[in-house]
Amino acid sequence: MKTKYLTIVLLAVSLWGCKAQIIPVEQHHSYYKKNGIEIPDGAYLKDVNNLFTKFLGTWKGSYNSNFYEFRIVKNTKSILGIQKDELLMRYKITDANGNLTENTLSLPNDSPFVLKSGYIAETGSYVFSYIGRNNKCGQNGWVFFNQTKNTTNKAKLFLSVQGESYPICDTGPAEQILPLDWIGLTKQ
Amino acid sequence: MLFQSCEKDDTSAQIQLEQNEIKTVSPENTIDYLNSFKKSKSKSLKNYLVAIGDTVSMENITNSSEKLAVIPVKTIHGNFKSRILLLEIEGKVKSVVFSTKTYDRSTKNSFSGEILITDLEGNFIDAFEIIEDNITAQYLSRRKDITANLQNRRIADDEGDDCGDGCPFSVCSWCGELETVVVVATPSAEHYTLSIDLLYSQGSNGTADGCEVGCDNYWNFSNDGGGGGFTNNTEDKIHNPCEELKAQIDDASYLAKFEELNNETGKQKETGYAENKDGSFTKLNPINNAHSLSLNGLDYKNLNGFIHTHLDDFETGKIIDGRPEINQIYRIFSPADVIAFLNIAKQSANANDVYASVITSSGDYTLRFTGDTSGITGLKSADDYLELYKQYLDRYSSLERGFLNFLKDHIKVDGIQLFKITKPLFSNDYEVKAKTLDDKGKVDSQDCI
């Protein structure tokens, strides 16, 4: 209720022609895109309701004998005349023998292998766009990250594969290295 | 000086005047003129001229030593034989498209049929019907204050066109737009000749006097080279992608795949076909959970294009508090589709025939290539495009706007043309719309008529 009230107030304030129109970031998909309403130039899709906070931090879990570490931070980006708050996710995967499968933890924000371009789904999950290092052979899709209700240190995620393959791929469909089913995660 | 010649010999003075007023456009200048016209039209979608021959014929004009430059062309009116006529009149190069439709009753010496004269863009200039060498009716653009229906009681239309009552002229696109003027003082079109005045200035708008130039200079239009002077090798096509799209949706084997795939968009698997150069279709294999199709292993040189579905958003099967997690899908070409399309175009012997179609439940789209294949260059890796693509498609409420801006800002290859194909409610016919960006970056839709 409180959140809705706050949203209405903020919307009302923003409708009074503030220079930077502030739109709660969770409304991008659930309201604007869904109803075909244009986001005006100069708008700021902002996490005014602090929905991002619960996702932030380092999360660890294991799946199919592989160990996963995910790190989520908040970022504000400028794109096509608007500003937008978003989450970025980096990861490290080691196998049962301790060998490194993949590590994107030190990559810069603009690397395609840092998950981004996400949105808050109606389920409350944050959905990241995923591009793997073998993107050209199908390591791409959406990663659903759900922070467990009534906890602060539990979460889960899985990858829904899109699998688009590019002409340059000459090795056949790539193996997926992110979990295809929910992996349980604990905050560090 | 002139006075003296006038007194001595009237005819020769008149010829002298005429000769100064009309002048030959040389073959070189003709080709330059047409090349610069072609260049200006290269990005247009609905060209009136569909092909231009590459031979210039310099033809005689009576009562003059100047020549008329004649070039065979094809227009969108397939039932007319057409030529471009170039002549310098009063210091300016003038061009018209001269089109003829010959009635069966024509003989070698006497012409019966229709004449249509337009500018190079297909704008109406003049038209008339000729019966046995006499111009019996001239059609002029209807003045705005005339609202009467077009009626033509005196012209026998031997050819029986399909334009319906009250439309005497077989080019139906101007039905209702033309007013018939029944010509009283019949200008002669004897033995297949027409005057320069009639060719370029509507015969002084149908008035008997007022002819300024070319009144007594005639051109014989019977020399049409029997087929317009085209051979398969010398034809120089001006691309008309609108016409090609309409022809494609009419083609039975493409239409069959188009309609089949329209029933598949709600499924859990993508389906699609590659079209081979011989017109046959090869089914594409689903990969990666069947949410994508593979074009790998196909010989791109041998492909015309491909047609495939993009699915509706689907449930992943994961549920949170009774609500499904939904995998969203963009119902327009992906960067992978665009790159595959450009690869096929680049390797094709005829890039103008290459296409990619995506069938979705919110719209069917086709890409065509109308540019220069040498411009298909500088493409970045797939990794670089996917993120930008998603940002562009998320930014606007219209997928078309996001997609076209993404192409413009990041793919940066000239000549990728987007079309949308729809079937209006209660209609049996498909409509094709060309989608481009206006200078504000918004989507402009143009009907392909």
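Remember, it's a predicted structure, so these values are computed and weren't measured experimentally.

Undergrad: Lay out the overall build of chain A with the relevant residues and their values.
TA: A count of helical and extended segments in chain A gives 2 helices and 11 strands. Element order for chain A, N to C, with α for helix and β for strand: α-β-α-β-β-β-β-β-β-β-β-β-β. Counting over 188 residues, chain A shows a buried share of 36%. In chain A, the share of contacts with a sequence separation of at least 24, taken over all contacts with a separation of at least 6, comes to 46%.

Undergrad: Which residues make up the overall build of chain B, and what values go with them?
TA: Looking only at helices and strands, chain B features 9 helices and 25 strands. The buried share among the 449 residues of chain B stands at 38%. Put simply, 57% of the contacts in chain B that link residues at least 6 apart link residues at least 24 apart.

Undergrad: Describe the interface of chain A and chain B, and please don't skip the residues or the numbers.
TA: Contact with chain A, which involves 36 residues of that partner, is made by 30 residues of chain B. Mapped onto the side of chain A that touches chain B, the elements with two or more residues apiece are β7 (116–120), β8 (126–131), β9 (140–147) and β10 (154–161) of chain A. Tallying contributions element by element places β9(A) first for the side of chain A that touches chain B, with 4 residues. Residues that form the side of chain A that touches chain B fall into these classes: 16 nonpolar, 14 polar and 6 charged.

Undergrad: Please provide a residue-by-residue account of the sheet that holds strand β23 (residues 416–422) of chain B, values included.
TA: Residues and elements named next belong to chain B. Taken together, 8 strands build an open sheet; the order of strands is β15-β14-β18-β21-β22-β23-β24-β25 and the sheet is mixed. With partners counted over all chains shown, the strands left at the sheet margins are β15 (281–283) and β25 (443–447), one partner each. Pairs of neighbouring strands in the sheet enclose a mean axial angle of 25 degrees, with direction left out of account. Judged from the 5 bridges that link them, strand β18 (residues 303–309) and strand β21 (residues 355–360) form a sheet pairing that is parallel. Bridge assignment links Phe 306 to a residue of β21, and that residue is Ala 356.

Undergrad: Could you give an account of the packing of helix α8 (residues 382–395) of chain B against helix α9 (residues 399–411) of chain B, with specific residues and numbers?
TA: Residues and elements named next belong to chain B. Their axes nearest at 7 Å, the elements α8 and α9 cross at an angle of 140 degrees. It follows that α8 is oblique to α9 by the angle criterion. Judged by the twist between their axes, the crossing of α8 over α9 is right-handed. In this structure, α8 contributes Tyr 385, Leu 388, Tyr 389, Tyr 392, Leu 393 and Arg 395 to the contact, and α9 contributes Leu 399, Gly 402, Phe 403, Asn 405, Phe 406 and His 410. Of the residues that constitute the contact of α8 with α9, the class distribution is 8 nonpolar, 3 polar and 1 charged.

Undergrad: Mind laying out helix α6 (residues 252–262) of chain B, listing which residues take part and the relevant values?
TA: Residue and element names in this part refer to chain B. Among all positions of α6, only Tyr 254, Lys 257, Phe 258 and Leu 261 are buried. One face of α6 carries all of its buried residues, which in axial projection span an arc of 100 degrees. Away from its buried face, by an angle of more than 90 degrees, α6 presents the exposed residues Ala 252, Ala 256 and Glu 259. Those residues of α6 that are buried lie in contact with α5 (241–250), β14 (272–276), β15, β18 and β21.

Undergrad: Which residues make up the pairing of β14(B), and what are the values?
TA: Residues and elements named next belong to chain B. Burial runs high along β14: 4 of the 5 residues are buried. Pairing of β14 with β18 involves 5 bridges; the strand directions are antiparallel. Within β18, the residue paired with Glu 275 across the bridge is Gly 305. Sheet analysis places β14 next to β15, joined by 3 bridges and oriented antiparallel. Bridged to Glu 275 within β15 is Phe 281. Two successive antiparallel strands, β14 and β15, enclose a turn made up of 4 residues, where Gly 279 displays a positive phi of approximately 90 degrees.

Undergrad: Please give an account of the nonpolar core that cites residues and values.
TA: One recurring pattern in soluble globular proteins: nonpolar side chains tend to sit buried together. By size, the foremost hydrophobic cluster in this structure holds 86 residues, and its most contacted members are Phe128(A) and Val143(A). The residues touching Phe128(A), leaving out its near neighbours within four places in the chain, are Met89(A), Leu115(A), Lys116(A), Gly118(A), Trp142(A), Val143(A) and Phe145(A). Of all hydrophobic cores here, the second largest spans 40 residues; its members include Val25(B), Ile52(B), Ile196(B) and Leu198(B).

Undergrad: Let's hear about unusual backbone geometry: which residues, and what values?
TA: Glycine aside, residues mostly have negative phi, and peptide bonds are mostly found in the trans state. If you check the backbone angles, Asn50(A) has positive phi at about 55 degrees while not being a glycine. Of the residues examined, Asn50(A) has 8 C-beta atoms within 10 Å and is grouped as exposed.

Undergrad: Go over the environment of Leu87(A) with me, naming the residues and quoting the values.
TA: Residue and element names in this part refer to chain A. As for its placement among the helices and strands, Leu 87 is situated in strand β5 (residues 82–94). With 23 C-beta atoms packed within 10 Å, Leu 87 lands in the buried category. Separated by 31 residues in the primary sequence, Leu 87 and Leu 56 have C-alpha atoms spaced 8.2 Å apart.

Undergrad: I'd like to hear about the pairing of β10(A), residue by residue, with values.
TA: All names here are of chain A. Burial analysis of β10 places 7 of its 8 residues in the buried class, the great majority of the element. Relative to β10, β9 is paired through 7 bridges, and the arrangement is antiparallel. Note on β10: the bridge partner recorded for Val 143 is Leu 159. Adjacent in sequence and paired antiparallel, β9 and β10 are bridged by 6 residues, among which Asn 150 carries a positive phi angle near 65 degrees. Relative to strand β11 (residues 183–187), β10 is paired through 4 bridges, and the arrangement is antiparallel. Each bridged residue has a counterpart across the sheet, and for Lys 154 the counterpart in β11 is Thr 186.

Undergrad: Can you explain α5(B)? Please cite residues and give values.
TA: All names here are of chain B. The complete set of buried residues in α5 reads Pro 241, Cys 242, Leu 245, Gln 248 and Ile 249. Down the axis of α5, the buried set is contained in an arc of 125 degrees. They therefore lie on one face. Residues of α5 that are exposed and point over 90 degrees away from its buried face: Ala 247 and Asp 250. Buried residues along α5 sit in contact with α6, β22 (363–369), β23 and β24 (431–437).

What counts, and at which threshold
- Residues numbered from 1 in each chain as written.
- Chains lettered and ligands numbered in written order.
- Predicted model: local features only at pLDDT ≥ 70, side-chain atom pairs only at ≥ 80, totals over all residues.
- Helix = DSSP H or I, 4+ residues; strand = E, 2+ residues; numbered from the N terminus.
- Buried ≥ 20, exposed ≤ 12 C-beta atoms within 10 Å, placed from the backbone.
- Contact = placed C-beta atoms within 7 Å.
- Nonpolar A, V, L, I, M, F, W, Y, C, P; charged D, E, K, R; others polar.
- Pairing = 2+ DSSP bridges.
- Axes fitted to C-alpha atoms, helices over the stretch in contact; angles between N-to-C directions.
- Parallel < 35°, antiparallel > 145°, perpendicular 65-115°, else oblique.
- Left-handed = near helix turned anticlockwise from the far one by under 90°.
- Arc of directions from axis to C-beta.
- Core = buried A, V, L, I, M, F, W, Y, C linked by C-beta atoms within 7 Å.

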